[in-house]
Amino acid sequence: MDSARSLQEAPDVLVVPTMEDVPRDDDGAPLLDGTVEVMLLPMEAESGGTTLVALAFSTVAALVDAMGEEQAWVAIPSDKLEGALEGSGAQAVLLDPQPPQDEAGTSAAGGAKND
């Protein structure tokens, strides 16, 4: 599995957006045994095809900045992320992606650009 920034450089715990809210402990880890549906995005691959990418953030604040405060999430230890994504279809992990900006400098999550 590839990543835009190496997961070896990532913090000990990553914040991963999920498709729906799941119960979490005080550290953000999911409280349930079983499956959590993480968000996968199709992205153009350099080879011209499409790659399914899992998003991960170094902090909750980074996730909120990129995706908004209503986005559901769980915390996963960095060294367990690849195993947790096994079977999901994810071919890569994009660490701390930035939301696209519109012409007014507003992100898709609704925050203003800080220049």
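Colleague: Account for the overall build of the chain, naming residues and giving values.
Modeller: Helices and strands together make up the secondary structure of the chain, namely two helices and six strands. Taken from the N to the C terminus, the helices and strands of the chain come in the order β-β-β-β-α-β-α-β. Counting the 115 residues in the chain, one finds 34% classified as buried. Counting only contacts in the chain whose residues sit at least 6 apart along the sequence, the fraction spanning at least 24 positions is 67%.

Colleague: So what's going on with the side chain of threonine 51? Residues and values would help.
Modeller: Looking at where threonine 51 falls in the secondary structure, it is placed in strand E4 (residues 50-56). Residue class for threonine 51 comes out buried when judged on its relative accessible area of 18%. Ignoring sequence-local partners within four residues, the contact set of threonine 51 consists of Leu41, Pro42, Met43, Ala45, Gln91 and Ala92.

Colleague: So what's going on with the nonpolar core? Which residues, and what values?
Modeller: Formed by 14 residues in total, the largest nonpolar core has its most connected members in Leu14, Val16, Ala56, Leu81, Leu85 and Val93. Listed by contribution, the elements that provide at least two residues to this core are strand E2 (13-17), E4, strand E5 (73-77), helix H2 (78-85) and strand E6 (92-95). Judged by nonpolar contacts, the second largest core, of eleven residues, contains Val15, Leu55, Phe57 and Ala66.

Colleague: Tell me about unusual backbone geometry, residues and numbers included.
Modeller: You will see that aspartate 96, though not glycine, has its phi angle at about 55°, which is positive. Take aspartate 96: its relative accessible area is 17%, and that puts it in the buried class.

Colleague: Give me the lowdown on H2, citing residues and values where you can.
Modeller: Along H2, the positions that sit buried rather than exposed are Ser78, Leu81 and Leu85. Buried residues in H2, looked at end-on, bunch into an arc of 10°, giving them a common side. Seen from the buried face of H2, the exposed residues on the opposite side, beyond 90 degrees, are Asp79, Lys80 and Gly83. Lining the buried residues of H2 we find E2, E4, E5 and E6. In the stretch just after H2, glycine 87 is the one whose phi turns positive, near 85°.

Colleague: Explain the pairing of E4 to me, using residue names and the numbers behind them.
Modeller: Where burial is concerned, most of E4 is hidden: five out of the seven residues are buried. With five bridges joining them, strand E3 (residues 40-44) and E4 adopt antiparallel strand pairing. Each bridged residue has a counterpart across the sheet, and for glutamate 44 the counterpart in E4 is threonine 50. Linkage of E3 to E4, two consecutive antiparallel strands, is achieved through a turn of five residues, within which glycine 48 is found at a positive phi near 100°. Of the pairings in the sheet, the one linking E4 to E6 comprises four bridges and is parallel in character. Considered in E6, the bridge of leucine 55 is made with leucine 94.

Colleague: Residue-level account of the confidence of the model for the chain, with values.
Modeller: Across the chain, the average pLDDT comes to 81, with 77% of residues at or above 70. Every residue in residues 111-115 is under pLDDT 50, and counting partners more than four places away or in other chains gives five contacts.

What counts, and where the lines are drawn
- Residues numbered from 1 in each chain as written.
- Predicted model: local features only at pLDDT ≥ 70, side-chain atom pairs only at ≥ 80, totals over all residues.
- Heavy atoms only, no water.
- Helix = DSSP H or I, 4+ residues; strand = E, 2+ residues; numbered from the N terminus.
- Buried < 20%, exposed > 50% of the residue type's maximum accessible area, 1.4 Å probe, protein only.
- Contact = heavy atoms within 4.5 Å.
- Core = buried A, V, L, I, M, F, W, Y, C linked by side-chain atoms within 4.5 Å.
- Arc of directions from axis to C-beta.
- Pairing = 2+ DSSP bridges.
- pLDDT = per-residue confidence, 0-100.

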